[in-house]
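# Chain and residue survey
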Amino acid sequence: MPGSKKYFTLAEANRTLPLVKRIVADLVTLHPQWRELVARYEVVAAAARPDWGESTEQLTLRGRIDDLARQIDGFLRELEQIGCVFKGFEEGLVDFYGKLDEREMFWCWKQGEERIEHWHELEAGYAGGQPIPVTVGDQG
């Protein structure tokens, strides 16, 4: 049901990484392309005559923007279905809800990392990440 959190052990979160890595790689590739097309559309629209309606170039750009937006949206939904939280297109950040000493926290992973090596408090961002205590290991 929407809005319900899925809690992961460290091992469970790490097991999702092969799929999560593929989805995030697609997201961080598509997002800059989408941004660039939006910027081009704005430039073309600014030069267009509004009373003439959208030019062929505007319509083509808008179609490509919509296609990319749909793909990005689909990938974000896939991450949501896995149960993780996508935190940023720039670095490809993903958080997984977990519990450490009975406290809610996030296991955090960033594109390029082999496996999850940090956790952070719910309010802290990736920069507030702390190494996972050795005692946690990869249990679960």
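For the structure, see preceding data.
For the structure given in this document, a descriptive report is provided here. Small disclaimer: the values here were computed from a predicted structure and weren't measured.

Once that is clear, we can look at the overall build of the protein chain. A count of helices and strands for the protein chain gives two helices and five strands. For the protein chain, long-range pairs separated by at least 24 residues make up 50% of all intrachain contacts whose partners lie at least 6 apart in sequence. Accessible surface computed for the protein chain: about 8,600 Å², of which carbon and sulfur atoms make up 54%.

What follows covers the pairing of strand β2 (residues 93–100). The element β2 is largely enclosed, with a buried count of seven among its eight residues. Two elements, strand β1 (residues 84–88) and β2, share four bridges in a ladder whose sense is antiparallel. Considered in β2, the bridge of Gly 88 is made with Leu 93. Adjacent in sequence and paired antiparallel, β1 and β2 are bridged by four residues, among which Gly 92 carries a positive phi angle near 65 degrees.

With that settled, consider the nonpolar core. Of all hydrophobic cores here, the largest spans 31 residues; its most connected members are Val 20, Leu 79, Phe 96, Trp 107 and Ile 116. Contributions of two or more residues to this core are made by α1 (10–47), α2 (56–82), β1, β2 and β3 (103–110). The residues contacting Ile 116, other than those within four sequence positions of it, are Leu 10, Ala 13, Asn 14, Leu 17, Phe 96, Trp 107, Cys 108, Trp 109 and Ile 132.

What follows covers the environment of Trp 107. Summarising the element assignment, Trp 107 is placed in strand β3. Look at Trp 107 and you get buried, because its relative accessible area is 2%. Taking the C-alpha atoms as reference, Trp 107 lies 4.3 Å from Trp 119; in sequence the two are 12 residues apart.

The next subject is the packing of aromatic side chains. Inspection of every chain in the model, using the stated rule, returns four aromatic pairs. Seen in terms of ring centroids, Phe 86 and Phe 89 are 5.1 Å apart; in terms of plane orientation they differ by 70 degrees. Their pairing is edge-to-face. When its relative accessible area of 24% is taken as the criterion, Phe 89 is described as partly exposed. On the numbers, 4.6 Å between centres and 45 degrees between planes, the contact of Tyr 97 with Phe 106 is tilted.

About the criteria used
- Residues numbered from 1 in each chain as written.
- Predicted model: local features only at pLDDT ≥ 70, side-chain atom pairs only at ≥ 80, totals over all residues.
- Heavy atoms only, no water.
- Helix = DSSP H or I, 4+ residues; strand = E, 2+ residues; numbered from the N terminus.
- Contact = heavy atoms within 4.5 Å.
- Areas by Shrake-Rupley, 256 points an atom, 1.4 Å probe, with all protein chains shown as cover.
- Buried < 20%, exposed > 50% of the residue type's maximum accessible area, 1.4 Å probe, protein only.
- Pairing = 2+ DSSP bridges.
- Core = buried A, V, L, I, M, F, W, Y, C linked by side-chain atoms within 4.5 Å.
- Phe/Tyr/Trp six-rings, centres within 6.5 Å; stacked < 30°, edge-to-face > 60°.

Just geometry here; none of it tells us what the structure is for.
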